[in-house]
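Given next are the chains, with one letter for each unit.
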Amino acid sequence: MGKRGEIMDLKNYLVSEGPTYNEAVTKGLSMLNVTIEEVDIEILKEVKGFLRKSKVVVKLTKKNNTLYKGTNDDKNTINCTENNEKKFTVIYKDEGVYLSITNFKSSSVLQKEINDYLAKKEIIDVNKDAINNAIKNSTSGYIYIAPAQNEKKINAEIVLDVSKNNLYCSAMVLEPDGGDDVTLSDFKKKISELGIVYGIDYEKINYILDNKIYNKKVIIASGTEPQNGVDAKVVYHIDIEQKNTPAILEDGNVDFKQLNLISNVKKDTILAEINPSTKGTNGQDIFGNVVSAIPGKDTLFKLGKNVYLSEDSLKLHANIDGQAVIKNGIINVEEVYEVKGDVDNSTGNITFNGRVIVKGNVKSGFSIDSAGDILVHGVVEGARLTSSGDIILNRGVQGNNQAYLECTGNLIAKYIENTQIRTYGSIEADCLLHSNTMAKKNITISGKKGLIVGGEVRAGEHISAKIIGSHMGTLTKIEVGIDPDEKSRSENLKEEINDIEKKLESLKKTIDLLNKISKNSKLPKNKEEILIKSVKAYKVLKTNHDELIKEFNIVESKLQSTKAGKVHVSKVIYPGAKIVISNVIRQIYDELTTCTLSLIDGEVSVGAYEK
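Presented here is an overview of the structure given in this document. Here the structure is a predicted model, which is why all the values come from computation and not from measurement.

Digging into the sheet that holds strand β20 (residues 315–318)
- Within the open sheet, the four strands sit side by side as β11-β15-β20-β19. Their pairing is antiparallel. Each edge of the open sheet is held by one strand with a lone partner, namely β11 (233–236) and β19 (307–309). Ignoring which end each strand starts from, the neighbouring axes of this sheet average 20° apart.
- Sheet topology note: the β11/strand β15 (residues 270–275) ladder contains four bridges and is antiparallel. For lysine 233, the partnering residue across the bridge sits in β15 and is asparagine 275.

Structure, rendered in structure tokens:
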């Protein structure tokens, strides 16, 4: 069986493709063995190349083609017979030669066809006036046109036509007129004389012979077209376009804060790789000659900063964590992402695998998520900052009860106001106002003001400040000596355990009631299902409850064994402050000056100030 397109001239159309429109059309015309005037052309697909090869797919449809309707599964032999209406008949009698015309349309064409036929049959002494009059007057029946003579027998004839690229050969059998038909041996001889040795389709040839298909071109030999090699192609694993377009959420809304400006990569991440070129596969023409394929072109990477090549030079890797940037076809990995102005609608939210530096402010509603340090030269408003390193605010944060700051390292700020903070290191600031703050280690509020007023301030070790609370009696809770994470976990576990115990109590009531009913009578099916589900749910919840109790006991044990911290106040603690050291509480009712509070004999005691 041939390849796509090789037998399409058996239909009234053919689909052809090529790198350009002209090449696709030329190829199709050659396969159909027709001129461009004999077909209608339709473009089915057009791909313009930039990073990939161009391709044009066209459909060529023969004009005025008459079809033979064969079976659907006979793809190589359908649509190849003529069904033309006969225009005239010539018969030979003892009295002479007679002509009968059955179709008088296009008289000039008809007259030429009759004359050509009579010449081919070598009929002599033809009465042309009689023929002309018959055509002119649309005379029906047989008319005398020549004296009696012997009929010249015309045998069928095979005409072979080879395409210019020697990949296809079509055959047309000229219809016999009184003579002999062609045979398979005739076909084989003709093919042999022409030197065709490859791709001969004897199934088609036999179909032509068996169905007496005349005056119709059919491809009876097909070579194998070469498959040209594919050019090497660079496949990028990062966004190389960075269109600065907002993200589309699942509900269809647009998030204008997610502009996807940064291509974050981890060390050793594959940034791009080369799909190698291929040599292609050679073809073979119908004369047995090799048709060479064109090999694909190779390409190489241009190396930028902080990248490296794999051993086979086909993969480009990041040498550090950072931002992948491509310029002029060269990929670099930057370890610092710098915002020259504010973090706002022009930048969107920032997520970066390295250090982030903001020269301006961080506006409300925006976020920075960094795998390194975050340094902000301006003011942080009601924004969200999370860092796997330190957070350094040259000015400070005015959170408006919307800001959230979290870091693995330390947090350093000029001032902190109306903000929620969580850090696994220490906190240093000039003043801390009305904020819920938690530090695994120490909180030091020093500088000109050194003021802690309002909110809840927790530290795993020590808290130091000049002033705690205010002369207005502002409620200010200071807590030290307990790991904030462990305490938070303990509180969450208590809530979970209480919730499960309530559910267990409700399930037990349901189970007891249904069991009581079942002792007196059989439960209806729906209540029986409720009982089964309730028992299963009770067992699962009971298991969860037992596990949570174990975890709670472990956490409580850690909290009890934690070394108590201290609260250092260099100036004054005002009434309204509450000091908690290792779960021991002391409410401050009178001003305390220049002192250190610590846990002694199970009580929060006031002692001399410790620097």
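Remarks on unusual backbone geometry
- The phi dihedral of asparagine 306 falls on the positive side, at around 60°, and the residue is not glycine.
- The residue asparagine 306 is located in the loop between β18 (290–291) and β19 in this model.
- On the basis of relative accessible area, asparagine 306 is assigned to the partly exposed category, the value being 30%.
- Residues other than glycine seldom take positive phi values, yet histidine 434 does so here, at roughly 45°.

Digging into the sheet that holds strand β14 (residues 264–265)
- With antiparallel pairing, three strands are arranged side by side in an open sheet as β14-β21-β22. Each of the sheet's edge strands pairs with one partner strand only, and the pair in question is β14 and β22 (330–334).
- By the bridge criterion, two bridges tie β14 to strand β21 (residues 322–327) in an arrangement that is antiparallel. Bridged to asparagine 264 within β21 is glutamine 323.

Things to note about helix α3 (residues 128–137)
- Every buried residue of α3 is listed here: Ala130, Ile131, Ala134 and Ile135. Projected onto a plane normal to the axis of α3, the buried residues spread over an arc of 130° and lie on a single side. Along α3, the residues that are exposed and aim more than 90 degrees away from the buried face are Lys128, Asp129, Lys136 and Asn137.
- Check the buried side of α3 and you find it contacts β5 (97–101), α2 (107–120) and β6 (142–146).
- Measuring from the backbone nitrogen of aspartate 129 back to the side-chain oxygen at the start of α3 gives 3.2 Å, which picks out asparagine 127 as the cap.
- Serine 138 sits one or two positions beyond α3 and adopts a positive phi of about 55°.

Some remarks on the packing of aromatic side chains
- Applying the stated criterion across every chain yields a total of three aromatic pairs.
- With a centroid separation of 5.7 Å and an interplanar angle of 45°, the aromatic rings of tyrosine 337 and phenylalanine 352 are classed as tilted. Placement of tyrosine 337 in strand β23 (residues 336–339) and of phenylalanine 352 in strand β24 (residues 350–352) is noted, with a sequence separation of 15 residues between them.
- Taking the ring centre of tyrosine 98 as reference, the NZ or CZ of lysine 93 above it sits at 6.0 Å.
- Over the ring of tyrosine 202 we find lysine 188; its NZ or CZ atom is 5.7 Å from the centre of that ring.

Details of the pattern of salt bridges
- As enumerated under the stated definition, the model contains 19 salt bridges in all.
- For lysine 305, the salt bridge identified is with glutamate 334, shortest N-O distance 3.4 Å. Pair noted here: lysine 305 is in the loop between β18 and β19 and glutamate 334 is in strand β22, with a separation of 29 residues, a long-range link.
- Judged by relative accessible area, lysine 305 falls into the partly exposed class, the value being 47%.
- Taking the shortest distance from any N to any O, the salt bridge between glutamate 479 and arginine 458 comes out at 3.6 Å. Pair noted here: glutamate 479 is in strand β39 (residues 476–480) and arginine 458 is in strand β37 (residues 456–459), with a separation of 21 residues, a long-range link. Across the pair, arginine 458 and glutamate 479 agree in class, each one buried.
- Within the structure, one salt-bridge network assembled from shared partners comprises Lys121, Glu151, Lys153 and Asp177.

Focus on the packing of α2 against α3
- Here α2 crosses α3 at 150°, and the two axes come no closer than 11 Å. With respect to α3, the axis of α2 lies roughly antiparallel. Taken as a pair, α2 and α3 cross one another with a handedness that is right-handed. Across from Ser107, Leu110, Gln111, Ile114 and Leu118 in α2, the residues of α3 making contact are Ile131, Asn132 and Ile135.
- The class makeup of the residues in the contact of α2 with α3 is five nonpolar, three polar and no charged.

Quick word on the packing of helix α4 (residues 184–194) against helix α5 (residues 202–210)
- Put simply, α4 and α5 touch, their axes get as near as 10 Å, and they point 135° apart. Relative to α5, the element α4 lies oblique. Regarding α4 and α5, the two cross each other, and that crossing is right-handed. Contact residues: Leu184, Phe187, Lys188 and Ile191 in α4; Tyr202, Ile205, Asn206 and Leu209 in α5.
- Along the lines of polarity and charge, the residues of the contact of α4 with α5 split into six nonpolar, one polar and one charged.

Here's the deal with the environment of glycine 288
- Tracing the backbone through its elements, the reader meets glycine 288 in the loop between β17 (283–284) and β18.
- With 65 residues separating them along the chain, glycine 288 and glycine 223 place their C-alpha atoms 8.2 Å apart.
- When residues no more than four places from it in sequence are discounted, the contact partners of glycine 288 are Val197 and Tyr198.

Remarks on the side chain of lysine 121
- Tracing the backbone shows lysine 121 in the loop between α2 and α3.
- Judged by relative accessible area, lysine 121 falls into the buried class, the value being 1%.
- Filtering out sequence-adjacent residues up to four positions away, lysine 121 remains in contact with Tyr92, Glu151, Lys152, Ile154 and Asp177.

A short note on the side chain of asparagine 353
- Counting through the fold element by element, asparagine 353 comes out in the loop between β24 and β25 (355–358).
- A polar contact of 3.2 Å, which involves the side chain of asparagine 353, links it to the backbone oxygen of valine 265.
- Asparagine 353 has contacts with Asn264, Val265, Lys266, Asp321, Gly322 and Ala371, leaving out every residue within four places of it along the chain.

Cut-offs applied
- Residues numbered from 1 in each chain as written.
- Predicted model: local features only at pLDDT ≥ 70, side-chain atom pairs only at ≥ 80, totals over all residues.
- Heavy atoms only, no water.
- Pairing = 2+ DSSP bridges.
- Helix = DSSP H or I, 4+ residues; strand = E, 2+ residues; numbered from the N terminus.
- Axes fitted to C-alpha atoms, helices over the stretch in contact; angles between N-to-C directions.
- Buried < 20%, exposed > 50% of the residue type's maximum accessible area, 1.4 Å probe, protein only.
- Arc of directions from axis to C-beta.
- Contact = heavy atoms within 4.5 Å.
- Polar contact = N/O pair within 3.5 Å; in protein donor to acceptor, adjacent residues only side chain to side chain.
- Phe/Tyr/Trp six-rings, centres within 6.5 Å; stacked < 30°, edge-to-face > 60°.
- Lys NZ or Arg CZ within 6 Å of the ring centre and 35° of its normal.
- Salt bridge = Lys/Arg side-chain N within 4 Å of Asp/Glu carboxyl O.
- Parallel < 35°, antiparallel > 145°, perpendicular 65-115°, else oblique.
- Left-handed = near helix turned anticlockwise from the far one by under 90°.
- Nonpolar A, V, L, I, M, F, W, Y, C, P; charged D, E, K, R; others polar.

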